[in-house]
Amino acid sequence: MDRPAGTVLVTGGAGFIGSNLVRHLISRGDVPVVTLDKLTYAGNRLNLGDVLDNPRHVFVEGDIADDTLVARLLQTHAVGAVINLAAETHVDRSIRSPAAFVQTNVVGTLNLLEQAHLYWQRLPPSAREMFRFVHVSTDEVYGSLGRADPAFTEASPYAPNSPYAASKAGADYLVRAFHHTYGLPTLTTNCSNNYGPRQFPEKLIPLMILNALKGERLPIYGDGQNVRDWLYVGDHCQALLRVLEAGTIGETYVVGGSGELTNCEVVGMICEMLDEMHPVGKRGSYREQIAFVPDRAGHDRRYAMNAGKLRKELGWMPETNFREGLRRTVRWYLENPQWVRDVQTPEYRQWIATQYGARTSA
Ligand code: NAD
Ligand code: TYD
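Numbering of residues starts from 1 in every chain and runs along the sequence as written. In the order they appear in the text, chains get letters beginning with A and ligands get numbers beginning with 1. Predicted model: local features are reported for residues with pLDDT of at least 70 only, side-chain atom pairs are reported and counted for 80 or more only, and whole-chain, interface and lining totals are derived from all residues. Hydrogens and waters are ignored; side-chain quantities use all the structure's heavy atoms.

Another aspect to go through is the overall build of the protein chain. Counting secondary structure elements, the protein chain contains 13 helices and 13 strands. The C-alpha atoms of the protein chain give 20 Å as radius of gyration, which agrees with the globular expectation for 362 residues (21 Å, within 12%). Viewed in the frame of its principal axes, the protein chain has a C-alpha envelope of about 70 × 45 × 35 Å. A burial count over the protein chain gives 56% of its 362 residues as buried. Runs of H or I in DSSP of at least four residues are treated as helices and runs of E of at least two as strands, each being numbered from the N terminus. Here the radius of gyration uses the C-alpha set of atoms, whereas the globule reference equals 2.2 Å times the residue count to the power 0.38. With a 1.4 Å probe rolled over the protein chains alone, any residue whose accessible area is under 20% of its type maximum counts as buried; one over 50% counts as exposed, and the rest are partly exposed.

Taken together, 19 residues lie near ligand 2, and E140, R228, R296, H299 and Y356 sit nearest. Y221 has a polar backbone atom sitting 2.9 Å from an oxygen atom of ligand 2. A 3.5 Å cut-off defines polar contacts: any pair of N or O atoms within that distance qualifies, except that in protein one atom must be a possible hydrogen donor and the other a possible acceptor, and neighbouring residues in sequence count only when both atoms are side-chain atoms. The side chain of R296 places a nitrogen or oxygen atom 2.5 Å from an oxygen atom of ligand 2. Mapped by element, the contributors of at least two residues to the shell around ligand 2 are α3 (91–96), α7 (204–214) and β8 (218–221). If you tally residues by element for the shell around ligand 2, the top one is β8, at three residues. Each residue is assigned to one class: nonpolar for Ala, Val, Leu, Ile, Met, Phe, Trp, Tyr, Cys and Pro, charged for Asp, Glu, Lys and Arg, and polar for all the others, Gly among them. Partitioned by chemical class, the residues of the shell around ligand 2 number eight nonpolar, five polar and six charged. Any residue with a heavy atom positioned within 4 Å of a molecule or strand is treated as near that molecule or strand.

Nonpolar cores are built from buried Ala, Val, Leu, Ile, Met, Phe, Trp, Tyr and Cys residues. Side-chain atoms within 4.5 Å join them into one set. Ranked by internal contacts, the top residues of the largest apolar core, which has 36 residues, are I205, I270, F322 and L326. Where this core is concerned, the elements lending two or more residues are α7, β8, α9 (263–277), α11 (322–335), α12 (337–343) and α13 (346–356). Counting residues per element, this core draws most heavily on α9, which supplies seven residues. Residues are treated as being in contact if the distance between any of their heavy atoms lies within 4.5 Å. Excluding residues within four positions of it along the chain, I205 makes contact with Y195, W230, V266, I270, F322, L326 and T329. Among the nonpolar cores identified, the runner-up in size contains 35 residues, and F16, V51, C191 and L310 belong to it.

Right, let's get into the site of ligand 1. Taken together, 28 residues sit near ligand 1, with I17, D37, T89, Y164 and K168 positioned nearest. In this structure, an oxygen atom belonging to ligand 1 sits 3.0 Å away from a main-chain N or O atom of T40. Looking at the shell around ligand 1, the elements with two or more residues in it are α1 (16–28), β5 (132–138) and α6 (163–182). Counting residues per element, the shell around ligand 1 draws most heavily on β5, which supplies three residues. A per-class count over the shell around ligand 1 returns twelve nonpolar, twelve polar and four charged.

Our next topic: the pairing of strand β1 (residues 7–11). Counting buried positions over the five residues of β1 gives five, a clear majority of the element. Here β1 shows a buried face lined by T7, L9 and T11 and a second buried face lined by V8 and V10. One requirement defines pairing of two strands: DSSP has to find at least two bridges between them. Two strands pair when backbone bridges link them, and β1 and strand β4 (residues 79–84) are joined in this way by five bridges, in the parallel orientation. Looking at the pairing, T7 lines up with V79 of β4. Across four bridges, the pairing between β1 and strand β2 (residues 33–37) is parallel. The partner of T11 across the bridge, within β2, is L36. Crossover handedness is defined by viewing with both strands directed away from the observer: a clockwise path from the first strand over the helix to the second marks the crossover as right-handed. The handedness of the β1 to β2 crossover, carried by α1, is right-handed.

So, on to the sheet that holds strand β6 (residues 186–191). With parallel pairing, the seven strands of this open sheet are ordered in space as β3-β2-β1-β4-β5-β6-β11. Whereas interior strands pair on both sides, the edge strands pair on one side only; in this sheet they are β3 (57–61) and β11 (252–255). Ignoring which end each strand starts from, the neighbouring axes of this sheet average 20° apart. Alignment of β4 against β5, held across four bridges, turns out to be parallel. Simply put, an axis is a line fit to the C-alpha atoms, just over the touching stretch for a helix, and the angle between two N-to-C directions goes from 0 to 180 degrees.

For R228, the position within the fold is in strand β9 (residues 227–229). We count Lys and Arg on the positive side and Asp and Glu on the negative side, and we leave His and both chain ends out. Whenever a carboxyl oxygen of Asp or Glu lies within 4 Å of a side-chain nitrogen of Lys or Arg, that contact is scored as a salt bridge. In this structure R228 is buried but unpaired, with D300 as the nearest side chain of opposite charge at 5.5 Å. Of note is the side chain of R228, whose polar atom sits 3.2 Å from the backbone oxygen of D300. Setting aside its immediate chain neighbours within four residues, R228 contacts N193, G259, E260, L261, N263, R296, H299, D300, R301, R302 and Y303.

Attention shifts here to helix α2 (residues 67–76). What α2 keeps buried is the set L69, V70, L73 and L74. What you see down the axis of α2 is that its buried residues fit within an arc of 130°, all on one side. Every exposed residue of α2 that faces more than 90 degrees away from the buried side is listed here: T68, Q75 and T76. Next to the buried residues of α2 lie β1, β2, β3, β4 and α4 (99–121). Think of it as the arc spanned by the lines of direction from the helix axis to the C-beta atoms.

Attention now moves to the packing of aromatic side chains. Note on aromatic contacts: the rings of Phe and Tyr and the six-membered ring of Trp form a pair at centre separations within 6.5 Å, being stacked when their planes are under 30 degrees apart, edge-to-face when over 60 apart, and tilted otherwise. Within the structure shown, the criterion is met by 16 aromatic pairs. Here W332 and Y333 contribute two aromatic rings whose centre-to-centre distance is 5.1 Å and whose plane-to-plane angle is 80°, an arrangement assigned as edge-to-face. Neither residue differs from the other here; W332 and Y333 are each classed as buried. Taken together, the aromatic side chains of Y142, F152, Y158 and Y173 make up a single cluster linked through ring pairs. Sitting over the ring of Y253, K309 keeps its end group 4.7 Å from the ring centre. Should the NZ of a Lys or the CZ of an Arg lie within 6 Å of a ring centre and within 35 degrees of the ring normal, that charge is described as sitting over the ring. Lying over the aromatic face of Y232, R328 brings its terminal NZ or CZ to 4.8 Å of the ring centre.

Here it is as structure tokens:
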């Protein structure tokens, strides 16, 4: 890897995408990595596995909104790049409690930008030129597409609909402003829905796999015809590394899987794979556990991403087709019952009871 010159500071590195990215960074290159993570309900040291003790990796428990801590980490570890993944990420939680989303996603990102700016200004010219701040955002900032609309591109206007999307949009605007106003070398990525190992089981795919195995109902919101553009997490990590290495400063890159599917199609495929890999026996198919439940408030109908710029300028293409990636994911959850037990804390059970009501059995 040509870039970065210096340590990579990964925020949110104990979460789903962050932990996969830290693993990529450690296995691929020779750069030192510092993970900064607050270890909220969604973060877990176990996600980092062996990498936690790798001599090139330092794990720090802390908040991206802590100015003293962030300033110290940048300085002490001679950071050459920041990749910001720390965030509150679940739309349903943002509908119930939006304040935490503004605190971490907006105020926390502002603090990272301010500390990075102060640090970057004082670097010697060669290090200043090499420094990068990569901000990881989402397709949800663009709002919802109609059935026949073309996919979102970097030129699509922002139209966030959920408190989560609004808080990510706020962060994206701050990143843009720090580049425009102060010249901070930022890059922003807007990615579609990820799936893969170690995703917290509040999100659609792991929730459905684990509910199916527990014999509980598979709660599909509304009519189940909402469309998401699914990308395997490893492909997202490759895109982030390409942007870090070769992206143009100040630019935004859309990342997506060209993997549009309705929620009914996704849940149907999970049931089909589980029927084959972990049959329920006389009970029939896992499909019998599917239950249509009241819709999410303000539920975006369709997301789709056109990643043409990333392909043309940086040569990135997703490598994993959805069926293959989903099979790998289902197998991972089947083979890691200890991880599943560890993340299902009393807080998690409380969330499930609040969100879906006491009745969960199929
Ligand atoms: P996640 O919820 O699995 O992990 C988020 C991590 O951030 C957790 O480890 C959590 O402990 C940590 N964190 C939260 N608040 C923090 C704070 N104040 N300080 C430090 N750490 C904090 O999320 P994810 O799915 O891995 O998403 C990572 C990033 O990618 C987010 O910025 C998200 O908006 C973006 N993104 C996610 C998807 C997706 O489908 N999962 C798609 C596009 C973009
Ligand atoms: P989710 O994984 O929460 O991601 P996002 O809201 O960021 O797209 O949800 C993916 C889709 O699945 C979305 O259309 C909402 C739907 N969904 C359900 O139908 N039932 C559920 O229990 C959950 C969590 C999501």
